[in-house]
Amino acid sequence: MRSRIAVLPLLAFLAIAAPAAADDSVRPGQISLVGQGQVSAAPDMARVTSGVVTQAKTARDALDANTAAMTQLVDVLKQAGIAEKDIQTSGFSVQPQYVYSDKRDENGYTPPPRIVGYQVTNSVTVVVRKLDDLGAVLDKAVTVGANSISGISFDVSDTSAILDEARKQAVADALAKARLYTGAAGIGLGRIVSISETGAPQPQPEVFKTVRAMAADSAPVPVQAGELTYGATVSVTWELDQ
């Protein structure tokens, strides 16, 4: 009697586990692939970081000279059609200027550096929304005293349609790979299980690291905007038709 009682729970467990095992055996396989898409577009705007560096014996004199030059710079930018919202202070510093001695005192120590003046740096980041005006804006900025232009980066004001096209190409790329692999393996491609975008699409910008200051009577600064390439990456998973 005891042996029957012991066997019955075991049989009940096997009866429950059997359907689950059967379900696992018929579950379709899956294939996951990554697709990439890229779209190039001409930029229609630029960001320029420009500023003034001044030096003087005292910090006050260096700051006064810098303030006067920066006021002229901002005024000429506005006169060139740059909106106030597109002019933003991006850097400001006051730094002492040192002279180091190579002499040594009676104990053999080098004396500490001596402050001989101060340097004030003030810079603004400017958004130029009309690329045809960029060369003239740079020229005018240098003319009124801008002696530091650290870089120019280009961008597209509205990237919605560009990124959507890159995403479409990424999905098409993943689908083409899936059809290639399943075709080579002699199996069918089933329904899509999931689609996910990998990371935020980022442009690969064309950037000018430096721009040479030009004299007031020289030609406008030549600017070549080139193209920007926007990319998208997606991961797609399909079921396989056995």
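1. Re the overall build of the protein chain
In step 1: Within the protein chain, the regular secondary structure consists of 4 helices and 9 strands.
In step 2: Order of helices (α) and strands (β) in the protein chain, N terminus to C terminus: α-β-β-α-β-β-α-β-α-β-β-β-β.
In step 3: Out of the 242 residues belonging to the protein chain, those deemed buried represent 29%.
In step 4: Expressed as a percentage of contacts within the protein chain between residues at least 6 apart in sequence, the contacts between residues at least 24 apart total 83%.

2. Thoughts on the pattern of salt bridges
In step 1: As enumerated under the stated definition, the model contains 7 salt bridges in all.
In step 2: Across the pair Asp64 and Arg60 runs a salt bridge, and its minimum N-O distance is 2.9 Å. Pair noted here: Asp64 and Arg60 are both in helix α2 (residues 59–79), with a separation of 4 residues, about one helical turn.
In step 3: A residue is classified by how much of its surface remains accessible, and Asp64, at 39% relative accessible area, is partly exposed.
In step 4: One salt bridge connects Asp173 with Lys177, and the closest N-O pair in it is separated by 3.4 Å. With a gap of 4 residues between them, Asp173 and Lys177 both fall in helix α4 (residues 160–185), about one helical turn apart.
In step 5: Accessibility expressed as a relative area gives 24% for Asp173, which makes it partly exposed.

3. Things to note about α2
In step 1: With 21 residues, α2 should reach 30 Å at 1.5 Å per residue; the first-to-last C-alpha distance of 30 Å fits that figure.
In step 2: Looking at the packing, one finds that the buried side of α2 touches β2 (45–56), β3 (87–99), β4 (114–128) and α3 (134–143).
In step 3: Trailing α2 by a residue or two, Gly81 shows a phi angle of about 95 degrees, which is positive.

4. Thoughts on the pairing of β4
In step 1: Two elements, β2 and β4, share 11 bridges in a ladder whose sense is antiparallel. Across the sheet, residue Val48 finds its bridge partner in β4, namely Val126.
In step 2: The pairing of β3 with β4 spans 12 bridges and is antiparallel. Within β4, the residue paired with Tyr98 across the bridge is Ile115.

5. Some words on the confidence of the model for the protein chain
In step 1: In this model, the protein chain carries a mean pLDDT of 84, and residues with pLDDT of at least 70 account for 81%.
In step 2: pLDDT under 50 marks residues 1–22. Its contacts with residues more than four places away, or in other chains, come to 0 contacts.
In step 3: Here residues 206–217 scores under 50 on pLDDT; set against residues more than four positions off or in separate chains, the count is 29 contacts.

6. Side note on the packing of aromatic side chains
In step 1: Summed over all chains, the structure comprises 1 aromatic pair.
In step 2: Between the aromatic rings of Tyr98 and Tyr100, the centroid separation amounts to 6.3 Å while the plane-to-plane angle is 45 degrees, which identifies the pairing as tilted.
In step 3: For Tyr100, a relative accessible area of 63% gives the class exposed.

7. Digging into a nonpolar patch on the surface
In step 1: Residues Tyr98, Tyr100 and Ile115 make up a contiguous nonpolar surface patch of about 350 Å² in total accessible area.
In step 2: Along the chain, the position of Ile115 falls in strand β4.
In step 3: Ile115 sits in the partly exposed class, given a relative accessible area of 41%.

8. Observations regarding the nonpolar core
In step 1: Counting 24 residues, the largest nonpolar core has Val48, Leu73, Leu77, Val124, Leu134, Leu138 and Ile152 as its most contacted members.
In step 2: Going through the elements one at a time, β2, α2, β4, α3 and β5 (148–155) are the ones with two or more residues in this core.
In step 3: Leaving out residues up to four positions away in the same chain, Leu73 has contacts with Ser50, Gly51, Val52, Val124, Ala141, Val144 and Ala146.

9. Some remarks on α4
In step 1: With 26 residues, α4 extends 38 Å from end C-alpha to end C-alpha; this agrees with the ideal 38 Å at 1.5 Å per step.
In step 2: Where α4 is concerned, the buried positions are Ile162, Leu163, Ala166, Ala170, Ala174, Ala178 and Thr182.
In step 3: In this fold, the buried residues of α4 make contact with β1 (30–41), β6 (188–197) and β9 (228–241).
In step 4: At the C-terminal side of α4, Gly186 shows a positive phi close to 75 degrees.

10. Observations regarding the side chain of Glu239
In step 1: Inspection of the secondary structure assignment puts Glu239 in strand β9.
In step 2: Residues in contact with Glu239, not counting those within four places in the same chain, are Pro28, Gly29, Gln30, Leu189, Gly190, Arg191 and Val193.

Parameters at a glance
- Residues numbered from 1 in each chain as written.
- Predicted model: local features only at pLDDT ≥ 70, side-chain atom pairs only at ≥ 80, totals over all residues.
- Heavy atoms only, no water.
- Helix = DSSP H or I, 4+ residues; strand = E, 2+ residues; numbered from the N terminus.
- Buried < 20%, exposed > 50% of the residue type's maximum accessible area, 1.4 Å probe, protein only.
- Contact = heavy atoms within 4.5 Å.
- Salt bridge = Lys/Arg side-chain N within 4 Å of Asp/Glu carboxyl O.
- Expected span 1.5 Å × (residues − 1).
- Pairing = 2+ DSSP bridges.
- pLDDT = per-residue confidence, 0-100.
- Phe/Tyr/Trp six-rings, centres within 6.5 Å; stacked < 30°, edge-to-face > 60°.
- Patch = residues over 30% accessible without salt bridge, like charges linked within 9 Å, V, L, I, M, F, W, Y side chains within 5 Å.
- Areas by Shrake-Rupley, 256 points an atom, 1.4 Å probe, with all protein chains shown as cover.
- Core = buried A, V, L, I, M, F, W, Y, C linked by side-chain atoms within 4.5 Å.

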